[in-house]
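# Working through the structure, step by step
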Amino acid sequence: MIFTPLLIVFLCVVFVLLFLFLNTVDKRKWLTALISLVLTPFVFFFLFYPFLNIISNYHHQKYFDNDAWIEKPALRYEMIDNTIESDTLIGASKEKITTLLGKAEWLSWDDAKKAHDTNKWNYGLGIEPGAFNDKKDCLEITFQDEKVIALKTYQEEITFDNEKE
């Protein structure tokens with residue numbers, strides 16, 4: 001375990017809250033402090049930390065891996081930030097993109113042409129974790145002269161297909 005300043009602050013907060021709560025049960029400060037000290041790691045890792053993970057949308061960033069991209073589409077959001085920052089796909093051909101990312105999941109709609117734009121491919125990135133997240137992440141890849149010129153992420157509302165109507 002790596003002790004970071006934020007971890008120490010959170011542990012201190014949990015200790016103080018436990019101490020204040022237990023002090024209402026028993027007024028002996030030495031006993032309350034001792035029990036709070038023993039209970040702090042348990043309360044932190046089994047109550048506070050899981051709750052923090054539920055309300056925050058933090059996720060681990062990973063390097064691009066085309067096998068993981070294809071096999072686990074719901075976890076693509078973990079790889080996309082690094083992929084965009086490193087310009088890994090800029091300048092790649094449509095064939096290379098198809099090899100790395102698979103066939104485009106959908107094409108963007110061009111209102112001027114009243115048709116799908118074959119130079120704007122879209123991929124679903126999955127849903128980032130978090131209790132209040134109601135959108136799914138998507139990636140739009142823009143091509144010009146058969147080469148990637150831009151990568152753009154955007155969010156869409158989560159929709160469920162109702163087959164029973």
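Please refer to the structure placed before this passage.
Looking now at the sheet that holds strand β4 (residues 147-157). The 4 strands lie next to each other as β1-β2-β3-β4, forming an open sheet whose pairing is antiparallel. Edge strands, defined here as strands with exactly one partner in the open sheet, are β1 (106-110) and β4. This sheet shows a mean twist of 35 degrees between the axes of neighbouring strands, independent of strand direction. Where helix α5 (residues 94-101) meets the sheet, it contacts β2 (115-126), β3 (135-144) and β4, and its direction lies at approximately 25 degrees from that of β2.

Turning to the packing of helix α1 (residues 5-25) against helix α2 (residues 29-55), a few remarks are in order. Two elements in contact, α1 and α2, have axes whose closest approach is 7 Å; the angle formed by their N-to-C orientations is 125 degrees. Relative to α2, the element α1 is oriented oblique. In the packing of α1 onto α2, the handedness of the crossing is right-handed. Here L7, F10, L11, V14, F15, L18, F19, L22 and N23 of α1 come into contact with α2, specifically with K29, T32, A33, I35, S36, L37, L39, T40, V43, F44, F48 and L52. Of the residues assigned to the contact of α1 with α2, the class counts are 16 nonpolar, 4 polar and 1 charged.

Walk down a regular strand and you will see the side chains alternate between the two sheet faces. Inspection of the sheet shows β1 paired to β2 by 5 bridges, in the antiparallel sense. Residue pairing for β2: S108 is matched across the bridge by D117. The antiparallel hairpin formed by β1 and β2 contains 4 residues in its connecting segment, where K114 sits at a positive phi of about 55 degrees.

Cut-off values and rules
Residues numbered from 1 in each chain as written. Predicted model: local features only at pLDDT ≥ 70, side-chain atom pairs only at ≥ 80, totals over all residues. Heavy atoms only, no water. Pairing = 2+ DSSP bridges. Helix = DSSP H or I, 4+ residues; strand = E, 2+ residues; numbered from the N terminus. Axes fitted to C-alpha atoms, helices over the stretch in contact; angles between N-to-C directions. Contact = heavy atoms within 4.5 Å. Parallel < 35°, antiparallel > 145°, perpendicular 65-115°, else oblique. Left-handed = near helix turned anticlockwise from the far one by under 90°. Nonpolar A, V, L, I, M, F, W, Y, C, P; charged D, E, K, R; others polar.

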